[in-house]
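Spelled out from the first residue to the last, the chains are:
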Amino acid sequence: MEKISIVVPCYNEEEAMPIFYKEITKIAEQMKKVEFEFIFVNDGSKDKTLQVARELSKKDKRVRYVSFSRNFGKEAAMLAGLEASVGDYVAIMDVDLQDPPSLIPDMYNYIKNDNYDCVATRRVTRKGEPKIRSFFARCYYKLINKISKTEIVDGARDFRLMTRQMVDSILELKEYNRFSKGIFSWVGYETKWLEYENVERVAGTTKWSFWKLFGYSLESIIAFSTAPLAISSIIGIIFCLISFIMIVVIIIKTLVVGDPVAGWPSMICIIFFVSGIQLFCLGIIGQYISKAYLEIKKRPIYLVKETEKDNDK
Ligand code: UDP
Ligand code: MG
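Residues numbered from 1 in each chain as written. Chains lettered and ligands numbered in written order. Predicted model: local features only at pLDDT ≥ 70, side-chain atom pairs only at ≥ 80, totals over all residues. Heavy atoms only, no water.

Novice: An account of the overall build of the chain is needed here, citing residue identities and associated values.
Specialist: Across its full length, the chain holds 11 helices and eight strands. Each of the 313 residues in the chain was classed as buried or not, and the buried ones make up 44%. For the chain, restricting intrachain contacts to residue pairs at least 6 apart in sequence, the fraction spanning at least 24 positions comes to 83%. A total accessible area of about 17700 Å² is found for the chain, and carbon and sulfur atoms account for 62% of it. Across the chain, 44 positive and 39 negative side-chain charges occur, with their mean positions spaced 3 Å apart. (Helix = DSSP H or I, 4+ residues; strand = E, 2+ residues; numbered from the N terminus. Buried < 20%, exposed > 50% of the residue type's maximum accessible area, 1.4 Å probe, protein only. Contact = heavy atoms within 4.5 Å. Areas by Shrake-Rupley, 256 points an atom, 1.4 Å probe, with all protein chains shown as cover. Lys, Arg positive; Asp, Glu negative; His and termini not counted. Charge placed at Lys NZ, Arg CZ, Asp CG, Glu CD.)

Next comes the structure, spelled out in structure tokens:
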């Protein structure tokens, strides 16, 4: 019998987990031809998420869990889930039911019957989201798709069902700074996109503040594009041209009109402007170096404190 692994990252989700479990088991009931395993990844929650996972796995042998030693972030949690999974197909889902479990049978059928390697989802609306956030999200997708060779689909969610082959490919990418939306696209394979309307979470609150999302988007640009590194060279060339023209203008002006020492205020402005640009470019390079530094350290991406096997003892 084939097996589907459902990977669920959870961070402070004690309220949402039982609801999610109820919904997903309903789907498992419907799909009699496949086995399921549910892997809850407790990403260092401060509430009772771990206790809920323990209880569920005591009650239901299909439930497994991996619990981190602290909060490592959703990217790390997804990786841990993929590494722990043993199914022939693996799905990643949020626990807040923003990823409708009712799509899973369809996703499975697309892979089985139409030979896709992956069925992914994207939201076509951003209903219930602050306007300003949607605006920045749209700008971000435009920008990253211009400067990155890897396509990052607008509105794509992490919710997807993949074949074992694709999961193994994803696990071959050992990078420390993980940006899954880019990695899924980078590995290639045939992907079918399902579209659906945004759903609001059933319980608990979102873990993403505006600034956290902003930082995440900057990191993804650094992870999947080297275009910002070229900015300093381009600005440098433009400034050389401007200064060259200015030199010529000043020489001619001095020869014709005289008055060689005017323009102290404008000089100060130029010095400030140019050194600002220099620091900006240095900062960009610094970002890449800091990421390379973290990669070189080769620290583990997450640390596991407990799994369902410890619970069985
Ligand atoms: N999550 C996680 N670690 C974190 C932040 C979030 O495992 O540090 C999980 C969270 O429990 C949820 C999923 O990632 O299952 C998506 O988070 P959330 O619903 O807060 O994000 P949103 O849907 O608002 O983008
Ligand atoms: Mg959510």
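Next comes the rest of the description.
Novice: Describe the coordination of the magnesium ion (ligand 2), and please don't skip the residues or the numbers.
Specialist: Binding of the magnesium ion (ligand 2) to the protein goes through Asp96 (OD) and Gln98 (OE1), at separations of 1.9 Å. Classification of glutamine 98 by relative accessible area gives buried; the value is 16%. (Donors = N, O, S within 2.8 Å, 3.2 Å for Na, K, Ca; no water.)

Novice: Any chance you could break down the sheet that holds strand 7 (residues 191-196) for me, citing the residues and the numbers?
Specialist: Taking strand neighbours across the sheet as the criterion, the eight strands line up as 7-5-6-4-1-2-3-8 in an open arrangement whose pairing is mixed. Lying at the two open borders of the sheet, with one neighbouring strand each, are strand 7 and strand 8 (304-307). Taking each pair of neighbouring strands and ignoring which way they run, the sheet shows an average axis angle of 20 degrees. Examined bridge by bridge, strand 1 (residues 2-10) and strand 4 (residues 89-92) share four bridges and lie parallel to one another. Within the sheet, the bridge partner assigned to valine 7 lies in strand 4 and is isoleucine 92. Strands strand 1, strand 2 (34-42), strand 3 (63-68) and strand 8 of the sheet are contacted by helix 2 (residues 49-59), whose axis makes an angle of about 155 degrees with strand 3. Sitting on the sheet, helix 4 (residues 104-114) is in contact with strand 1, strand 2, strand 4, strand 5 (118-123), strand 6 (156-163) and strand 7, with an inclination near 50 degrees to strand 6. (Pairing = 2+ DSSP bridges. Axes fitted to C-alpha atoms, helices over the stretch in contact; angles between N-to-C directions.)

Novice: Go over the side chain of arginine 64, please, and point to the residues and values.
Specialist: The residue arginine 64 is located in strand 3 in this model. With a relative accessible area of 16%, arginine 64 lands in the buried category. Side-chain polar atoms of arginine 64 contact the backbone oxygen of alanine 84, separated by 3.1 Å. Residues contacting arginine 64, with those up to four places away along its chain left out, are Glu37, Phe38, Ile39, Phe40, Ala84, Ser85, Val86, Glu308 and Lys309. (Polar contact = N/O pair within 3.5 Å; in protein donor to acceptor, adjacent residues only side chain to side chain.)

Novice: Mind laying out the site of ligand 1, listing which residues take part and the relevant values?
Specialist: Surveying the vicinity of ligand 1 reveals 16 residues, the closest of which are Glu13, Asp43, Asp96, Gln98 and Thr206. Proline 9 is positioned with one of its backbone polar atoms (N or O) 2.8 Å from an oxygen atom of ligand 1. Residue tyrosine 11 places a main-chain N or O atom 2.9 Å away from an oxygen atom belonging to ligand 1. Broken down by class, the residue content of the shell around ligand 1 amounts to five nonpolar, four polar and seven charged. (Near = heavy atom within 4 Å. Nonpolar A, V, L, I, M, F, W, Y, C, P; charged D, E, K, R; others polar.)

Novice: Just give me the short version of the environment of tyrosine 141, but keep the residues and values in it.
Specialist: Tracing the chain through its elements places tyrosine 141 in helix 5 (residues 131-147). Looking at tyrosine 141, the relative accessible area reads 9%, which means it is buried. Remark: the alpha-carbon pair of tyrosine 141 and aspartate 154, spanning 13 residues in sequence, is separated by 5.8 Å. In this view, tyrosine 141 contacts Arg126, Ile152, Val153, Asp154, Gly155, Ala156 and Lys181; residues no more than four positions away in its chain are not counted.

Novice: So what about helix 10 (residues 264-297)? Which residues, and what values?
Specialist: An α-helix turns once per 3.6 residues; consequently, residues spaced three or four apart project the same way. The end-to-end C-alpha distance of helix 10, which contains 34 residues, comes to 48 Å, matching closely the 50 Å that a straight helix rising 1.5 Å per residue would cover. Among the residues of helix 10, those classed as buried are Cys281, Ile284, Tyr288 and Lys291. Residues of helix 10 that are buried make contact with helix 8 (210-224) and helix 9 (227-257). Looking one or two residues past helix 10, lysine 298 carries a phi angle of roughly 50 degrees, positive in sign. (Expected span 1.5 Å × (residues − 1).)

Novice: Talk me through the packing of helix 8 against helix 10; I want residue IDs and the actual numbers.
Specialist: One way to put it is that helix 8 packs onto helix 10 with a least axis distance of 11 Å and a crossing angle of 80 degrees. Considered as vectors, helix 8 and helix 10 are oriented roughly perpendicular to each other. For the pair helix 8 and helix 10, the contacting residues are Glu219, Ile221 and Ile222 in the first and Gln287, Tyr288 and Lys291 in the second. For the contact of helix 8 with helix 10, the per-class residue count stands at three nonpolar, one polar and two charged. (Parallel < 35°, antiparallel > 145°, perpendicular 65-115°, else oblique.)

Novice: Now, about the nonpolar core: what can you tell me, with residues and values included?
Specialist: Counting residues in hydrophobic clusters, the biggest one holds 38 residues, and the most contacted among them are Ile4, Ile6, Phe20, Phe40 and Ile104. Element by element, the count of residues in this core is highest for helix 1 (residues 16-30), at seven residues. With sequence-adjacent residues up to four places away left out, isoleucine 6 is seen in contact with Phe20, Ile24, Phe36, Glu37, Phe38, Ile39, Ala91, Met93 and Ile104. Core analysis: the second largest hydrophobic core is formed by 36 residues, Met78, Ala120, Ile144 and Ile170 among them. (Core = buried A, V, L, I, M, F, W, Y, C linked by side-chain atoms within 4.5 Å.)

Novice: Summarise the packing of aromatic side chains; cite the residues concerned and give the values.
Specialist: In the structure shown here, the tally under the stated rule is 17 aromatic pairs. A ring pair is formed by phenylalanine 135 and phenylalanine 136, whose centres lie 5.6 Å apart and whose planes are at 75 degrees; its orientation type is edge-to-face. Assessed through its relative accessible area of 48%, phenylalanine 135 is described here as partly exposed. For phenylalanine 136, a relative accessible area of 35% corresponds to the partly exposed category. When the centroid spacing of 5.3 Å and the interplanar angle of 80 degrees are considered together, the rings of phenylalanine 210 and tryptophan 211 count as edge-to-face. What links up through ring pairs into an aromatic cluster is the set Phe135, Phe136, Phe210, Trp211 and Phe214. Over the aromatic face of phenylalanine 72 sits the side chain of arginine 70, whose NZ or CZ is 3.9 Å from the ring centroid. When the ring centre of tryptophan 208 is taken as reference, the NZ or CZ atom of lysine 212 above it lies at 5.3 Å. (Phe/Tyr/Trp six-rings, centres within 6.5 Å; stacked < 30°, edge-to-face > 60°. Lys NZ or Arg CZ within 6 Å of the ring centre and 35° of its normal.)

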